[in-house]
Amino acid sequence: GWTLLWIVAIGFAAAGAVRVFTPMGLLAQSPFNLDLALRTLSAGWFQPEDVVPVAIVEIDEATHRGWGSPAITPREPLVELIRKVVDAGPAAVVVDIDLAWGGDDPGLAGLRGFLAGYAGAAPLIFPKRIEPAPGGSRRAATSPLDDLFESNPRLAWAHASFETESGGMVRQWADWIELCTDDGTRQLPSVATRVSLLVE
């Protein structure tokens, strides 16, 4: 038992999953990089054919500064960014941009045209911002592009909410959440669930 434990510990250390630490440091943080450890182990558990290549589009700080640090992601460069990602051939593209904003952006017409005519093999999935509603219910934020998502099956909304345990620990996605609408209620899947529904 102890021999196997030491072999695993040495393996993680060699892979860089164990941080340099002192005994007092253990009181502040775990010496294990859990993310790296899980990725290292999963590389041996899953065959390549079982892995779905999903691309996630998000704006890093350097890119945001290069755009002049705008309050809202400019729509014209966003279209070019999505085009480049789609050209790489992923199974699905998750665009981590809130499209509920930017109704007055001068590039909105270009984004509308791109999304209206989008027919790529990879579906485009956007997170839908959820807002509190009266009575403790929730509603989806309105977007100036909602009509396109209704008419184009290659576009999809999803939510990015997680479930928490009684102690507040985040464990997993909330697979579906119920939203209030003008006509009643509807279910919105999580990003992960939406990907699994759209990618065969």
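Residues numbered from 1 in each chain as written. Predicted model: local features only at pLDDT ≥ 70, side-chain atom pairs only at ≥ 80, totals over all residues. Heavy atoms only, no water.

1. Focus on the nonpolar core
In this structure, Leu99, Leu115, Leu124 and Phe126 are the most contacted members of the largest nonpolar core, which totals 27 residues. Going through the elements one at a time, β1 (54-57), α5 (75-87), β2 (92-95), α6 (108-116), β3 (124-127), α7 (146-151), β6 (155-158) and β9 (176-181) are the ones with two or more residues in this core. Beyond its immediate stretch of four places on either side in the chain, Phe126 contacts Ile82, Val95, Ile97, Leu99, Leu115, Phe149, Ala156, Trp157 and Ala158. Judged by nonpolar contacts, the second largest core, of eight residues, contains Ala92, Ile125, Ala156 and Val191. (Core = buried A, V, L, I, M, F, W, Y, C linked by side-chain atoms within 4.5 Å. Buried < 20%, exposed > 50% of the residue type's maximum accessible area, 1.4 Å probe, protein only. Helix = DSSP H or I, 4+ residues; strand = E, 2+ residues; numbered from the N terminus. Contact = heavy atoms within 4.5 Å.)

2. Remarks on the sheet that holds β1
Ordered in space as β1-β2-β3-β6, the four strands form an open sheet in which the pairing is parallel. Looking at which strands have only one partner, the edges of the open sheet turn out to be β1 and β6. Going from strand to strand, the sheet's axes swing by 25 degrees on average, the running direction of each strand aside. When β1 meets β2, the two strands line up parallel, connected through four bridges. Across the sheet, the residue bridging to Ala55 is Val93, located in β2. Set on the sheet, helix α8 (residues 191-198) makes contact with β1, β2, β3 and β6; between it and β6 the angle comes to about 150 degrees. (Pairing = 2+ DSSP bridges. Axes fitted to C-alpha atoms, helices over the stretch in contact; angles between N-to-C directions.)

3. Brief notes about the packing of aromatic side chains
Counted according to the given criterion, the structure contains four aromatic pairs. The interplanar angle of 55 degrees and the centroid separation of 5.8 Å between the aromatic rings of Phe114 and Tyr118 together place this pair among those described as tilted. Tyr118 carries the same exposure label as Phe114, and that label is buried. Ring geometry for Phe126 and Phe149: centres 5.6 Å apart, planes at 80 degrees, overall edge-to-face. Placement of the pair is Phe126 in strand β3 and Phe149 in helix α7, with a sequence separation of 23 residues. Phe149 matches Phe126 in its accessibility class, with the two residues each being buried. Each residue in the set Phe126, Phe149 and Trp157 is aromatic and connected to the rest through ring pairs, giving one cluster. (Phe/Tyr/Trp six-rings, centres within 6.5 Å; stacked < 30°, edge-to-face > 60°.)

Geometric values such as these leave the question of function open.
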